[in-house]
Amino acid sequence: MLGVRPTQHMGTLALPPDWEPRIDPAKMQPGVTFLVSVFEDRLTARLYGMDGSVLHEWPVDFFELARERATQKAAHKFHALIHGAALLPNGDMLANLDGRGTYRISACGDIVWSNDNRSHHALTLDGSGGFWTPVYVDRYAPNTLVVGGDGFNFDAIARFDLQTGEQTDLIDLVKVLTDGKLEGMMSMRPVREDVAHLNDVDVLSAEMADAFPDFNAGDLLLSFRHYNQIWVLDGETHEIKWYMTGPMKGQHDPDFQADGTITVFDNRAGRVADASNAFKGELGGSRILKIDPTSRRVTTIFDGAGEEPFYSQYRGKHQVLENGNILIAETDKGRAFEITPDGKVVWEVINIYDEDTVFWMMDAIRYPPSYGDFTDAGCQ
């Protein structure tokens, strides 16, 4: 609060002081890796090579941008968070300045456009010139889902144009529930603030659609942390066509996969990670789950209960790569790492602040090698 250091972006370092990053290019998915964190007290993004070297850092500080755009006095000078980001082929980055809006920033740090649509958490390109993200909307009147009081807060999802940042679609999820007479799915928590905590929206691509007999291209996959629940919305009618509650707990980042399954970062949120629980929380660490939406069969494809501790109480992302490896942003531990199908770490970056502390690793995304070509041009 005194502005000495960004403590709200920090977690506990869980590795020994003699730790060395594990990197095995022969077993990695080729490409460049886009990481979002606090680097030397600047909230920004970096691009890393396969050898762990820094190829580029976006010369912009979102802590500064947040202060410039603040409509009211910020609590402190580090009062900002990037929650949802993506890299474009020309080197521009997209970033949700959590709860404020989205920015498109050039590789040289120029603002291409920005909006103030109160986006947050995740940002997913839809392959047709736009992207989807959760957004905060005006408070709902009482008695729609939550009875009495002065109303309640419930997220919506919105689509934005990639070239202009303008909103092109907005889906009212309270209306989705009430129109479908499914209010009972989300009316039991006696909470008026942040009723469901929507933290992701993914889009089923045309390339993957044939693998999902019950879904269509353009359908939307949503994650609600407070209910341990994921939905699939019809991309045209916006009706709920599939949903599942559990076995995930406090989950993030469900993704459609090319084999017709859905994978999800299962935080298994519980106790804070510390030495007393081997930095695994109370349930043995976080997990990456695979769900068959037709049979509802759930399998664990990686977890933190074994020799490779893995746990983020809150936040976190994952990406299943073409070679079968998984890239994980273990946010609370400040780590991005790639594992093989048998759980071996073949690439790793930990954003260490000091001997006891790390900066949160908000995003980790592997892109094809060509996404690093813009670094050859430099900035004038």
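Residues numbered from 1 in each chain as written. Predicted model: local features only at pLDDT ≥ 70, side-chain atom pairs only at ≥ 80, totals over all residues. Heavy atoms only, no water.

Explanation requested: the sheet that holds strand β15 (residues 229–233) in the structure shown.
Where strands meet in a sheet, backbone hydrogen bonds hold them as pairs that are either parallel or antiparallel. Across the sheet, which stays open at both edges, the four strands sit in the order β13-β14-β15-β16 with antiparallel pairing between neighbours. Edge strands, defined here as strands with exactly one partner in the open sheet, are β13 (198–203) and β16 (240–245). This sheet shows a mean twist of 15° between the axes of neighbouring strands, independent of strand direction. The pairing of β13 with strand β14 (residues 220–224) spans five bridges and is antiparallel. The partner of L198 across the bridge, within β14, is F224. (Pairing = 2+ DSSP bridges. Helix = DSSP H or I, 4+ residues; strand = E, 2+ residues; numbered from the N terminus. Axes fitted to C-alpha atoms, helices over the stretch in contact; angles between N-to-C directions.)

Just checking my understanding: could you explain the pattern of salt bridges for this structure?
Note that side chains of opposite charge can pair when their charged atoms are close. Considering all chains together, one arrives at 23 salt bridges under this definition. For E193, the salt bridge goes to R139, with nearest N and O atoms at 3.1 Å. Taken together, the positions of E193 in the loop between α2 (173–179) and β13 and R139 in the loop between β10 (130–135) and β11 (156–161) put the pair 54 residues apart, joining distant regions of the chain. Residue class for R139 comes out partly exposed when judged on its relative accessible area of 32%. Residue D219 is joined to K241 by a salt bridge in which the shortest nitrogen-to-oxygen separation is 2.9 Å. Pair noted here: D219 is in the loop between α3 (206–209) and β14 and K241 is in strand β16, with a separation of 22 residues, a long-range link. You can call D219 buried: its relative accessible area is 1%. Assessed through its relative accessible area of 30%, K241 is described here as partly exposed. One network of salt bridges, with partners in common, ties together R22, E308, E330, K333, R335 and E348. (Salt bridge = Lys/Arg side-chain N within 4 Å of Asp/Glu carboxyl O. Buried < 20%, exposed > 50% of the residue type's maximum accessible area, 1.4 Å probe, protein only.)

Any chance you could explain the state of the cysteines here in plain terms?
By definition, a disulfide links the sulfur atoms of two cysteine residues through a covalent bond. Enumeration over the complete set of coordinates arrives at one disulfide. A sulfur-sulfur separation of 2.0 Å characterises the disulfide bridge that pairs C108 with C379. An S-S torsion of about -95° defines the bridge between C108 and C379 as left-handed. Here C379 lies in the segment after β27 (363–367) and C108 lies in the loop between β7 (101–105) and β8 (111–114), a separation of 271 residues in the sequence. Look at C108 and you get partly exposed, because its relative accessible area is 33%. (Disulfide = S-S within 2.5 Å.)

Even after reading the chapter, I still don't get the packing of aromatic side chains, so can you show me in this structure?
One pair of aromatic rings is described through two measures. These are the centre distance and the angle between the planes. What the rule picks out here adds up to 21 aromatic pairs. Each ring, one from F63 and one from F78, has its centre 5.1 Å from the other, and the planes form 75°; the classification is edge-to-face. Taken as a pair, F63 in helix α1 (residues 62–69) and F78 in the loop between α1 and β5 (82–87) lie far apart in primary sequence, 15 residues in all. Side by side, F63 and F78 carry an identical accessibility label, which is buried. (Phe/Tyr/Trp six-rings, centres within 6.5 Å; stacked < 30°, edge-to-face > 60°.)

When you look at the sheet that holds strand β12 (residues 167–171) in this model, what are you seeing that I'm missing?
If you trace the four strands from one edge of the open sheet to the other, you get β9-β10-β11-β12, paired in antiparallel fashion. Each edge of the open sheet is held by one strand with a lone partner, namely β9 (124–125) and β12. Bridge count for β11 against β12 is four bridges, and the pairing is antiparallel. What sits directly across from R159, in β12, is D169.

Would you explain the nonpolar core in this entry?
The nonpolar side chains of a soluble globular protein tend to be buried with one another. Counting 44 residues, the largest nonpolar core has F34, W58, F62, M93, I105 and Y367 as its most contacted members. In this structure, M93 is in contact with F34, A45, W58, F62, A86, Y103, R104 and I105, ignoring residues within four places of it in sequence. Judged by nonpolar contacts, the second largest core, of 26 residues, contains V146, I171, V195 and L233. (Core = buried A, V, L, I, M, F, W, Y, C linked by side-chain atoms within 4.5 Å. Contact = heavy atoms within 4.5 Å.)

Please explain the environment of V320 as it appears in this structure.
Following the sequence through the fold, V320 ends up in strand β21 (residues 317–320). On the basis of relative accessible area, V320 is assigned to the partly exposed category, the value being 29%. Linking V320 and Y136, residues 184 residues apart in sequence, is a C-alpha distance of 29 Å. Ignoring anything within four residues of it in the chain, the contact list for V320 reads Q257, T263, N325 and I326.

By themselves, these are just geometric observations and shouldn't be taken as functional.
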